[in-house]
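Descriptive structure summary
Read off the chains here:
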Amino acid sequence: MVEHHICTFCGEPLEPGTGKMFVRKDGSISYFCSQKCQNNQRLGRVPRRVVWTKAGRKALGKE
């Protein structure tokens, strides 16, 4: 059975065999679907305040 992951930043599902897994020194794991999501996370942006993420759309009342 193939594990399905969700992008840590934008909330989109990842296709098996795609994306990046980032493991921090404290052992926490982050999955990213694209370089765009990875760079936004690295810059310290909050997904709720970014309009194109699932959390951002939910915060604006679009979904």
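Because the structure is predicted, anything quoted here is derived from the model rather than measured.

Scoring rules and cut-offs
Residues numbered from 1 in each chain as written. Predicted model: local features only at pLDDT ≥ 70, side-chain atom pairs only at ≥ 80, totals over all residues. Heavy atoms only, no water. Phe/Tyr/Trp six-rings, centres within 6.5 Å; stacked < 30°, edge-to-face > 60°. Helix = DSSP H or I, 4+ residues; strand = E, 2+ residues; numbered from the N terminus. Buried < 20%, exposed > 50% of the residue type's maximum accessible area, 1.4 Å probe, protein only. Core = buried A, V, L, I, M, F, W, Y, C linked by side-chain atoms within 4.5 Å. Contact = heavy atoms within 4.5 Å. Pairing = 2+ DSSP bridges.

This brings us to the packing of aromatic side chains. Going through the model one piece at a time under the given rule, you end up with one aromatic pair. Both rings, one in F9 and one in W52, keep their centres 5.8 Å apart while their planes meet at 50°; by these two values the pair is tilted. You can see F9 sitting in the segment before β1 (20-23) and its partner W52 sitting in the loop between α1 (35-42) and α2 (54-60), a full 43 residues away along the chain. The partly exposed category is assigned to W52, whose relative accessible area is 35%.

The subject of this paragraph is the nonpolar core. Judged by nonpolar contacts, C7, F9, C10, F32, C37 and V50 together constitute the single largest core of six residues. Here C37 is in contact with C7, F9, C10, F32 and W52, once residues within four sequence places are set aside.

Now for the pairing of β1. Sheet topology places β1 next to strand β2 (residues 29-32); four bridges connect them, and they run antiparallel. Paired with K20 across the bridge in β2 is F32. With antiparallel pairing between neighbouring strands as the criterion, β1 and β2 make up a hairpin whose turn holds five residues, including G27 at a positive phi of roughly 95°.

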